[in-house]
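Below, each chain spelled out in residue letters.
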Amino acid sequence: MSRHLERLLQIDALLRSKQRHTADSLAQELEISERTVRNDLNFLRDRYGAPLDYTRQQGYHYTDPDWRLPTITLSKGELFALTVGARMLEAYAGSTYAEDLRSAIARLAERLPEQSWVDLQQLADDRILFRGGAEINLNPDIWHKLEDACQMHKTVQMTYYTASRNAVSDRGLDPYVLHIYRGTNPYVIGYCHQRQEIRWFRVDRIKQLEILDQTFVPDPTFDARDHLEMIFQHEAGGVPVPVAIWFDARTAPFIRERRWHPTQEIQEHPDGSLTLRMVVRGLNDLKRWVLGYGKGAIVREPPELVQLVRDEVEEMRHRCLED
């Protein structure tokens, strides 16, 4: 922002305050000369058509309190979209950016008449609600350190909690990209020095993180978009595998209404059932997804996924019998 524009914004804010201001008092507040203040006031009148007036009782003031300095051309619809976006971000991605975004929106709102802003806030409160489900404990400091490390290509050393093993380990990581999956789960994707391959790490499971002086060169064969397209949900391990899953007629409508994977193909059957085919990396998340449909889904291929589902169902059966 230019120094002149910043000064105009300060003058605008002072004129809207309840205090009486003269050219001399404005000059003292801004620590500039009275001549500069008068030039700025004339600039507001001539360039922006500000409805400025001066009386002994009120000092300098706007005759139309709804007039706004057009520093940013933002419609009410655009500001409403930003407001809703801030609430969506807070509901689904935690509060890492939400506070900064709310602050920015409040500053933009100063350019709108007060009643217009009140109306927008009320509409956002009463008509559009977001519920993000279970919340995560995301450390903003760790997230912002990862942002810096990704941008500067700096290796990080982290203490990471692996939920599946209920274990903590220290790892070196070359962070490539940050990814918020399904709006709730924040991941960092990068080269793991311990596993010597590209891995995903839940950022909220990073207990400690330090940016090292060591820099890295990203793998030139890694393309984030291609990488994300090949996975199912967030499991990235393994080579691409063709998958075929049959869904009965009662479950099929829920499969048709979404695009589950970029490679998917749906084969319709005369009885209303369907077969979903796709090529994915990683089978454990796919196993959990299939089991969520119960008897309405049957895995046809690959054999590894068929066995994973069978083993899971068998283990569940045994535990039910033991109870």
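Residues numbered from 1 in each chain as written. Predicted model: local features only at pLDDT ≥ 70, side-chain atom pairs only at ≥ 80, totals over all residues. Heavy atoms only, no water.

Concerning the overall build of the chain
- Within the chain one finds 11 helices and 11 strands.
- Looking at the chain as a whole, 38% of its 323 residues qualify as buried.
- Surface exposure of the chain reaches about 19800 Å², of which carbon and sulfur atoms provide 48%. (Helix = DSSP H or I, 4+ residues; strand = E, 2+ residues; numbered from the N terminus. Buried < 20%, exposed > 50% of the residue type's maximum accessible area, 1.4 Å probe, protein only. Areas by Shrake-Rupley, 256 points an atom, 1.4 Å probe, with all protein chains shown as cover.)

Quick look at the nonpolar core
- Val243, Ile245, Phe247, Leu276, Leu286 and Trp289 are the most contacted members of the largest nonpolar core, which totals 19 residues.
- For this core, the secondary structure elements donating two or more residues are strand E8 (241–247), helix H9 (252–256), strand E10 (274–280), helix H10 (284–291), strand E11 (297–301) and helix H11 (303–322).
- Judged by nonpolar contacts, the second largest core, of 18 residues, contains Leu14, Leu15, Leu30 and Leu52. (Core = buried A, V, L, I, M, F, W, Y, C linked by side-chain atoms within 4.5 Å.)

Focus: unusual backbone geometry
- Residue Pro302 is reached from Glu301 by a cis peptide bond, and omega for that bond is 5°.
- By the secondary structure assignment, Pro302 is in the loop between E11 and H11.
- At His153, a position not held by glycine, the phi torsion is positive, near 55°.
- By the element assignment, His153 lies in the loop between helix H7 (140–152) and strand E3 (154–162).
- Accessibility expressed as a relative area gives 33% for His153, which makes it partly exposed.
- In this model, Gln196 sits at a positive phi of 55°, which is unusual for a non-glycine residue.

Concerning the side chain of Asp174
- If you trace the backbone, Asp174 turns up in strand E4 (residues 167–181).
- The side chain of Asp174 sits in the buried core without any salt bridge; Lys154 is the nearest counter-charge, 11 Å away.
- Residue contacts for Asp174: discarding those within four places in its chain leaves Thr155, Gly190, Tyr191, His193 and Phe216. (Lys, Arg positive; Asp, Glu negative; His and termini not counted. Salt bridge = Lys/Arg side-chain N within 4 Å of Asp/Glu carboxyl O. Contact = heavy atoms within 4.5 Å.)

Structural notes on the sheet that holds E8
- An order of E9-E10-E8-E11 is seen for the four strands of this open sheet, with the pairing classed as antiparallel. Each edge of the open sheet is held by one strand with a lone partner, namely strand E9 (265–268) and E11. The mean inter-strand angle of the sheet, taken between neighbouring strand axes irrespective of direction, is 25°.
- Here E9 pairs with E10 via four bridges, running antiparallel. Residue pairing across strands places Glu268 opposite Leu274, the latter belonging to E10. (Pairing = 2+ DSSP bridges. Axes fitted to C-alpha atoms, helices over the stretch in contact; angles between N-to-C directions.)

Topic: the packing of helix H2 (residues 23–30) against helix H3 (residues 34–48)
- Interaxial distance between H2 and H3 falls to 8 Å at its minimum, and their mutual angle equals 105°. When the axis of H2 is compared with that of H3, the two are roughly perpendicular. Contacts from Ala23, Asp24, Leu26 and Ala27 of H2 reach H3 at Glu34, Val37, Arg38 and Leu41.
- Residue classes in the contact of H2 with H3 are distributed as five nonpolar, no polar and three charged. (Parallel < 35°, antiparallel > 145°, perpendicular 65-115°, else oblique. Nonpolar A, V, L, I, M, F, W, Y, C, P; charged D, E, K, R; others polar.)

A word on the pairing of strand E2 (residues 59–62)
- Note that strand E1 (residues 52–55) and E2 share four bridges and pair antiparallel. Opposite Thr55, over in E2, you have Gly59 as the bridge partner.
- In sequence, E1 turns back onto E2 through a hairpin of three residues.

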